Amino acid sequence: MITLRQHLEISKYSERENGIFEYISTLSPEDRVDTTRKIVETYPIDMKGDISDDIKSKFNITTSVMELVLGQFIMLEQIITGKTRYATDAENDFAIAQLILRPKHHILFDNENDEDEKNNTNALLDSPVEDIYRVLTKFLDNREFILFKQFSGVFYEMPDKDEEDEEVEQTQEELTAEQLFSQQWYWYSMVRMLAQEDITRYSEIYMLKMSTVMPEMSFIAQRSKIESARQRQGEAMRKL
């Protein structure tokens, strides 16, 4: 098998001229034949298979957005949407894996114990790369369904045509500043709103299950749409 640790190392060579051959040349002579055979058997990675019982026994696995806590979800979205950047796609995938394959003894998400994090990281790195990517695939498929179908428009929404027309009237400098502020403080603003601007409740809000947060945010988003439409209608009537 190819471990996740080996996959991360292989990925560093993937964009080089000699790629995989250069990686194999770094190995000892006795490891080259065995590693070459494993590479042929492993790649391309089968991402659609079942998650092995071995992985299930080692980790507390989350493959549904609704099972995450809000703070965990926000960290994942920062990685998935490119706000947190890594040198390679494999390292990006590893960062996601660290957040959804958690220590088996953890009941609630908690990444503040350095020893637990170190042990969990090593366990991930020593796991078969196929198993890790099967978990990632199941999670990302679920994320696609939850965020863009079941709760479409709650977190990621294209502006309405009327809103686009209004933005055209702004200078590019004003629009850019507004966009930068919105992007930088988007998740913080959401936590602040859910906590009703009570900073002492932020930690509590970050630990809310997404199964609680998603319906609430959906309600707020739909209410905001209705209020915005009513406001635009009122403004249009006043211009008559």
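Not measured: the values here are computed from a predicted model.

(A) Looking closely at the overall build of the chain. For the chain, the helix and strand inventory stands at 12 helices and two strands. Listed by position from the N terminus, the elements making up the chain come as α-α-α-α-β-α-α-β-α-α-α-α-α-α. Taking 240 residues into account, the globule formula puts the C-alpha radius of gyration at 18 Å, and the chain, at 23 Å, lies well above it. For the chain, the spread of C-alpha atoms along the principal axes amounts to about 85 × 45 × 30 Å. Counting over 240 residues, the chain shows a buried share of 37%. Counting only contacts in the chain whose residues sit at least 6 apart along the sequence, the fraction spanning at least 24 positions is 71%. A total of about 15,200 Å² of accessible surface is found on the chain, and carbon and sulfur atoms cover 50% of it. Put simply, the chain has 28 plus and 46 minus side-chain charges, and the middle of one group is 3 Å from the middle of the other.

(B) Region of interest: unusual backbone geometry. Cis geometry marks the peptide bond from Tyr43 to Pro44, where omega comes out at -5°. Position of Pro44 relative to the elements: it lies in the loop between helix H3 (29–42) and helix H4 (53–58).

(C) Layout of the packing of helix H1 (residues 4–13) against helix H6 (residues 89–100). Interaxial distance between H1 and H6 falls to 8 Å at its minimum, and their mutual angle equals 150°. By the angle class used here, H1 and H6 are roughly antiparallel. Side by side, H1 and H6 meet where Leu4, His7, Leu8, Ser11 and Lys12 of the first sit next to Ala90, Glu91 and Phe94 of the second. In terms of residue class, the contact of H1 with H6 is built from four nonpolar, two polar and two charged.

(D) View of the packing of H6 against helix H8 (residues 129–150). Remark: H6 packs on H8, axes separated minimally by 10 Å, with the N-to-C direction vectors making an angle of 75°. Considering their axes alone, H6 and H8 lie roughly perpendicular with respect to each other. Contact residues: Ala90, Asp93, Ile96, Ala97 and Ile100 in H6; Ile132, Tyr133, Val135, Leu136 and Phe139 in H8. Class assignment of the residues belonging to the contact of H6 with H8 gives a composition of nine nonpolar, no polar and one charged.

(E) Examining helix H7 (residues 114–125) more closely. With 12 residues, H7 extends 16 Å between its outermost C-alpha atoms, agreeing within 8% with the 16 Å of an ideal straight helix rising 1.5 Å per residue. Taken together, the buried residues of H7 touch H1, strand S1 (59–61), H6, strand S2 (101–103) and H8. Between the side-chain oxygen of the N-cap and the backbone nitrogen of Glu115 there are 3.0 Å, and the N-cap of H7 in question is Asn113.

Conventions adopted
- Residues numbered from 1 in each chain as written.
- Predicted model: local features only at pLDDT ≥ 70, side-chain atom pairs only at ≥ 80, totals over all residues.
- Heavy atoms only, no water.
- Helix = DSSP H or I, 4+ residues; strand = E, 2+ residues; numbered from the N terminus.
- Rg over C-alpha atoms; globule rule 2.2 N^0.38 Å.
- Buried < 20%, exposed > 50% of the residue type's maximum accessible area, 1.4 Å probe, protein only.
- Contact = heavy atoms within 4.5 Å.
- Areas by Shrake-Rupley, 256 points an atom, 1.4 Å probe, with all protein chains shown as cover.
- Lys, Arg positive; Asp, Glu negative; His and termini not counted.
- Charge placed at Lys NZ, Arg CZ, Asp CG, Glu CD.
- Axes fitted to C-alpha atoms, helices over the stretch in contact; angles between N-to-C directions.
- Parallel < 35°, antiparallel > 145°, perpendicular 65-115°, else oblique.
- Nonpolar A, V, L, I, M, F, W, Y, C, P; charged D, E, K, R; others polar.
- Expected span 1.5 Å × (residues − 1).
- Polar contact = N/O pair within 3.5 Å; in protein donor to acceptor, adjacent residues only side chain to side chain.

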